Amino acid sequence: MIYKRSSALFAEAKQYIPGGVNSPVRAFKAVGGDPIFVKKAKGAYLYDEDGNKLIDYIASWGPLILGHAYEPVINAIVEKAQKGTSFGMPTEIETDLAKLAVEMVPNIERIRFVNSGTEACMSAVRLARGYTGKDKIIKFSGCYHGHSDSFLIQAGSGAVTFGSPNSPGVTQGTAKDTLLAAYNNLDEVQNLVSANKGEIAAIILEPIAGNMGCIVPTDSFIKGLRELCDHEGILLVFDEVMTGFRLGKGGAQEVLGVKADIVTFGKVIGGGLPVGAFAANADIMGHLAPDGPVYQAGTLSGNPLAMSAGLAMLTELNTNPNIFKSLEEKTAYLHKGIATALESKGVTHQINRYGSMISVHFTDEPVVDFASSAKGNNDTFKKYFHGMLEQGVYLPPSAFESYFLNDALSYQDLDDTIAAVEKIAL
Ligand SMILES: *Cc1c(COP(=O)(O)O)cnc(C)c1O
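Visitor: Please explain the overall build of the protein chain as it appears in this structure.
Guide: When helices and strands are tallied, the protein chain shows 15 helices and 14 strands. For the protein chain, buried positions account for 56% of its 426 residues. Within the protein chain, counting contacts between residues at least 6 apart in sequence, those at least 24 apart form 72% of the total. Total accessible area computed for the protein chain in this model is approximately 17,500 Å², and 51% of it derives from carbon and sulfur atoms. Taken as two groups, the 36 positive and 46 negative side-chain charges of the protein chain have centres that lie 3 Å from each other.

Right under this line is the structure:
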């Protein structure tokens, strides 16, 4: 395939935008080469500026669970735009989306909309601190919760890809309040809690991790965290920016059968427009301004265009929950096909999957946390990524990212993808 125009556009973008991109992982630093500029997309396919058609496995990093330019979502946005795009005043559609989210997700009573997953996680932690009157939080190596200061400590995907797990600009003072444990390691968490008795406001995690590849928590780990939090008066925060409305109507809380105290959302909840949200019971959310003292605000929060996209998306998922099952079946099919193709080539690998999230790791050890994920062979990954791209399949350009399947992918697309794996040299 030819990427001449993409490369030219990238060269020009670099003159005006740092690194030519507005979010680092787009830049292909981990895999080499120039990023591809998209012209348009429909369903499961991307069409780039050179006229190539690619099967898309990132779906804008998760939001587009029903495929690109999904008609009910697009229609809702267009209709809304004609009535004005922002008012800075309350609108009915904010309540419509809030009501639907509260109906779909177990264990939440109030939800506040923001503009990104970063904002949602940042605000959730502020709320947890305000509610408990404690300062420290525990996060897990390789979990990504957006780019706010408290979280840029071993932050997975983008931050790891660029070799700056602790970004310059994050103060020592902030970093000291973020304690770090290995995913799936309850002992480490217990030790941190004992060593910081009475000082921890929240434990935050991706309940199914997607930013160090796809990593599933063991039952004893996730249930152990819940028990520990109950015992110690710590709030358990599920960052469901990726898993929310992707793994099922009720997200990870539902599929894992574990309740969180605060849940954050992003990606799917905005239907492809910039939306984040955080939610909890009425008591916890009552601490938020204007009802309570914990401040949080946003000029464009609850923006009518964004709300209309989110509402159209969640309405589709709520009325047709078979989508989750169909996506899971497609992902299982892809899993089997890729595994068989790699085995027949004799390529050492692990495939992790949960629902419609899947990741391929070129290592012989099970991938259960950040350290084991980081052992993947990046040279093989690069060959795999570029080989697949050459065959017209767009995978995440970093070994630390999961693929996000969308329901527009047909079994023919999956077969084409598996055939591509069979063809490439690794
Ligand atoms: C993408 C992501 C975020 C950050 O969301 P943005 O909208 O990019 O700010 C936070 N947490 C998780 C788990 C994510 O996958």
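Further notes follow.
Visitor: What's the story with the site of the ligand in this structure? I'm lost.
Guide: Neighbouring the ligand are Ser116, Gly117, Thr118, Tyr144, His145, Gly146, Glu206, Asn211, Asp239, Val241, Met242 and Lys267. Between the ligand and Asn211 there is a distance of 3.3 Å, counted from an oxygen atom to a side-chain nitrogen or oxygen. Within the contact set of the ligand, a nitrogen atom lies 2.6 Å away from a side-chain nitrogen or oxygen of Asp239. Across the complex, the protein chains shield 83% of the 380 Å² of accessible surface that the ligand would expose by itself. Split by residue class, the shell around the ligand holds three nonpolar, six polar and three charged.

Visitor: Sorry if this is basic, but what is going on with the pattern of salt bridges here?
Guide: All told, the structure shown has 12 salt bridges when counted by the stated rule. Between Asp230 and Arg226 there is a salt bridge, with the nearest N and O atoms lying 2.7 Å from each other. Of this pair, Asp230 and Arg226 are both found in helix α8 (residues 219–232), four residues apart, which corresponds to roughly one turn of the helix. Exposure remark for Asp230: the relative accessible area of 53% places this residue in the exposed category. Classification of Arg226 as buried rests on a relative accessible area of 13%. A network of salt bridges, in which partner residues are shared, links Arg226, Asp230 and Asp261.

Visitor: Can you walk me through the sheet that holds strand β1 (residues 38–42) in this structure?
Guide: The strands that make up a sheet pair up through hydrogen bonds in the backbone, lying either parallel or antiparallel. Strand order across the open sheet formed by four strands is β1-β2-β3-β13, with mixed pairing between neighbours. Each of the sheet's edge strands pairs with one partner strand only, and the pair in question is β1 and β13 (393–394). Strand direction decides the pairing type here: β1 and strand β2 (residues 45–48), joined by four bridges, are antiparallel. When the sheet's bridge partners are listed, Lys40 is paired in β2 with Tyr47.

Visitor: What is the right way to read the pairing of strand β12 (residues 357–361) from this model?
Guide: Successive residues of a regular strand alternate their side chains across the two faces of the sheet. Extensive coverage of β12 is indicated by the burial of five of its five residues. The alternating pattern of β12 places Met357, Ser359 and His361 on one face and Ile358 and Val360 on the opposite face, and all of these are buried. Examined bridge by bridge, strand β11 (residues 350–354) and β12 share five bridges and lie antiparallel to one another. When the bridges of β12 are listed, Arg353 appears paired with Ile358. The loop that links β11 with its antiparallel partner β12 comprises two residues; one of these, Gly355, has a positive phi angle of about 55°. With two bridges connecting them, β12 and strand β14 (residues 403–404) associate as antiparallel partners.

Visitor: I tried to follow the sheet that holds strand β4 (residues 110–114) on my own but got confused; where do I start?
Guide: Pairing is mixed in the open sheet, where seven strands are placed in the order β4-β10-β9-β8-β7-β5-β6. Two strands lie at the open edges of the sheet, namely β4 and β6 (178–181), each paired on one side alone. Within the sheet, the average angular offset between the axes of one strand and its neighbour, ignoring direction, is 20°. Where strand β8 (residues 235–239) meets strand β9 (residues 262–265), three bridges bridge the pair, whose relative direction is parallel. In the strand pairing of β9, Asp239 is matched with Thr264.

Reading the values: rules and limits
Residues numbered from 1 in each chain as written. Predicted model: local features only at pLDDT ≥ 70, side-chain atom pairs only at ≥ 80, totals over all residues. Heavy atoms only, no water. Helix = DSSP H or I, 4+ residues; strand = E, 2+ residues; numbered from the N terminus. Buried < 20%, exposed > 50% of the residue type's maximum accessible area, 1.4 Å probe, protein only. Contact = heavy atoms within 4.5 Å. Areas by Shrake-Rupley, 256 points an atom, 1.4 Å probe, with all protein chains shown as cover. Lys, Arg positive; Asp, Glu negative; His and termini not counted. Charge placed at Lys NZ, Arg CZ, Asp CG, Glu CD. Near = heavy atom within 4 Å. Polar contact = N/O pair within 3.5 Å; in protein donor to acceptor, adjacent residues only side chain to side chain. Nonpolar A, V, L, I, M, F, W, Y, C, P; charged D, E, K, R; others polar. Salt bridge = Lys/Arg side-chain N within 4 Å of Asp/Glu carboxyl O. Pairing = 2+ DSSP bridges. Axes fitted to C-alpha atoms, helices over the stretch in contact; angles between N-to-C directions.

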